[in-house]
Amino acid sequence: MKIWLDGKLVDESEAKVSVFDHGLLYGDGVFEGIRIYNGRIFRLEEHIHRLFDSAKAIILNLPWTQDEVCKFTCETVAANGLKDGYIRLVVTRGAGELGLNPYLCPKPSMFIIASTIKLYPDETYRDGLAIITCATRRPAPGALMPQVKSLNYLNNIMAKVEAIQANALEAVMLNEQGYVAECTGDNLFLLKKGVLLTPLISDGALDGITRAVIIELAEKLGVPVKECSLTRYDIFTADECFLTGTAAEVIPVVALDRRIIGTGKPGPFTARFLEAFHELATSTGTPYA
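What you are looking at is a predicted structure, and each value in this text was computed from that prediction instead of being measured.

## Digging into the pairing of strand E6 (residues 109-115)
Phase 1: For E6, a buried count of 5 out of 7 residues is recorded, marking the element as mostly surrounded by other parts of the structure.
Phase 2: Here 7 bridges tie strand E5 (residues 85-92) to E6, and the two strands are oriented antiparallel to one another. Considered in E6, the bridge of Val91 is made with Met110.

## Considerations on empty space enclosed by the protein
Phase 1: Under the defined criterion, the tally for this structure stands at 1 cavity of 30 Å³ or more.
Phase 2: Sorting the residues of the lining of the largest cavity by element identifies strand E3 (29-37) and helix H6 (209-221) as the ones contributing at least two each.
Phase 3: For the lining of the largest cavity, the class distribution of residues is 4 nonpolar, 3 polar and 1 charged.

## Quick notes on H6
Phase 1: The end-to-end C-alpha separation of H6 is 18 Å, in line with the 18 Å expected for 13 residues at 1.5 Å each.
Phase 2: Positive phi appears at Gly222, one or two residues downstream of H6, with a value of about 75°.

## Concerning the sheet that holds E6
Phase 1: Reading across the sheet, the 7 strands line up as E2-E1-E6-E5-E3-E4-E16 and stay open at both edges, with antiparallel pairing between neighbours. Two strands bound the open sheet, and with one partner strand each, they are strand E2 (8-11) and strand E16 (286-287).
Phase 2: Sheet analysis places strand E1 (residues 2-5) next to E2, joined by 4 bridges and oriented antiparallel. If you follow Leu5 over to E2, its bridge partner there is Lys8.
Phase 3: Strands E1, E2, E3, strand E4 (40-41), E5, E6 and E16 of the sheet are contacted by helix H3 (residues 66-80), whose axis makes an angle of about 40° with E6.

## Some remarks on H3
Phase 1: Between its first and last C-alpha, H3 extends 22 Å over 15 residues, near the 21 Å set by a 1.5 Å rise per residue.
Phase 2: Every buried residue of H3 is accounted for by Val69, Cys70, Phe72, Thr73, Cys74, Thr76, Val77 and Asn80.
Phase 3: Note on H3: the residue one or two positions beyond its end, Gly81, has a positive phi of about 60°.

## Description of the packing of aromatic side chains
Phase 1: This model, assessed by the stated rule, comprises 7 aromatic pairs.
Phase 2: An angle of 75° between the planes, with centres 5.3 Å apart, marks the rings of Phe31 and Tyr153 as edge-to-face. With a gap of 122 residues between them, Phe31 in strand E3 and Tyr153 in the loop between strand E7 (129-133) and helix H5 (154-165) connect regions that are remote in the sequence.
Phase 3: Judged by its relative accessible area of 26%, Tyr153 falls in the partly exposed class.
Phase 4: Measuring from centroid to centroid gives 5.8 Å for Phe42 and Phe277, while their planes differ by 90°, and the two rings are edge-to-face.

## A look at the pairing of strand E13 (residues 240-245)
Phase 1: Where burial is concerned, most of E13 is hidden: 6 out of the 6 residues are buried.
Phase 2: On E13, burial covers both faces: Glu240, Phe242 and Thr244 on one face and Cys241, Leu243 and Gly245 on the other are all buried.
Phase 3: As paired strands, strand E10 (residues 187-192) and E13 are joined by 5 bridges and run antiparallel to one another. Looking at E13, one finds that Leu188 is bridged to Leu243.
Phase 4: Two elements, E13 and strand E14 (residues 249-256), share 5 bridges in a ladder whose sense is antiparallel. Paired with Gly245 across the strands is Glu249, a residue of E14.

Rules used in this analysis
Residues numbered from 1 in each chain as written. Predicted model: local features only at pLDDT ≥ 70, side-chain atom pairs only at ≥ 80, totals over all residues. Heavy atoms only, no water. Buried < 20%, exposed > 50% of the residue type's maximum accessible area, 1.4 Å probe, protein only. Helix = DSSP H or I, 4+ residues; strand = E, 2+ residues; numbered from the N terminus. Pairing = 2+ DSSP bridges. 1 Å grid on protein atoms, 1.4 Å probe; cavity = no way out; pocket = protein on both sides within 12 Å on 5 of 7 lines; lining within 4 Å. Points joined across faces, edges and corners; volume = space filled by probe spheres on them. Nonpolar A, V, L, I, M, F, W, Y, C, P; charged D, E, K, R; others polar. Expected span 1.5 Å × (residues − 1). Contact = heavy atoms within 4.5 Å. Axes fitted to C-alpha atoms, helices over the stretch in contact; angles between N-to-C directions. Phe/Tyr/Trp six-rings, centres within 6.5 Å; stacked < 30°, edge-to-face > 60°.

Written out as structure tokens, the structure reads:
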């Protein structure tokens, strides 16, 4: 495997960062996960734009342009000969002193991994997930901005641990007001009486790239969309539910906290969105060759 690291493609065994890197010491940095379908990188420009927005929000000045980062990403995928796969692009604050002061890190570090990922077993896309609500809450925007896709993912990890300990593959995370924010790594959608519902970004949801794709597809499919505050009750009483994410793609949910959602099987609207998403993802994107 070839890893892009600070301007060079190096062997996996040579891809190393300093133990003084603030990304390692403090989770100080940002990242993106990006999909490769059928020889194209899906929504590459949108992902890189979000990466730069995240960096700007934490005052991490990047020495590359967005076009350059897109180019580096394409080079990495091409070097690994992937037709389908997953990209992890990480920017750290860089090496500095042991104190918190980020201004003592002279330059950021970036690495790009092009590999594969599989979050859920194949049968869950056919039969649906049974998920739980976890006790770990999403932080308030005044504490840690949910829109920043930062290397500090401990909040999500602790929620994921709760899911695993409850023998579930995913968990719903609420904000401090008790409204649904998102899952540990995915955005959430409900279908109720023919309307597609999804939590407000301001309620703690990440402004997901796949989330935006589903909203676009809803317009093409003639399904009205409403972004609004949602509670667990809304999920319990929904006709259908599904999750979205770059790694997860589109996956149905059939139960929450042992309450059956709808018929207890993936519904027809979910199937339409899953089919439309895969058709779009496998036919569009940035060619890297």
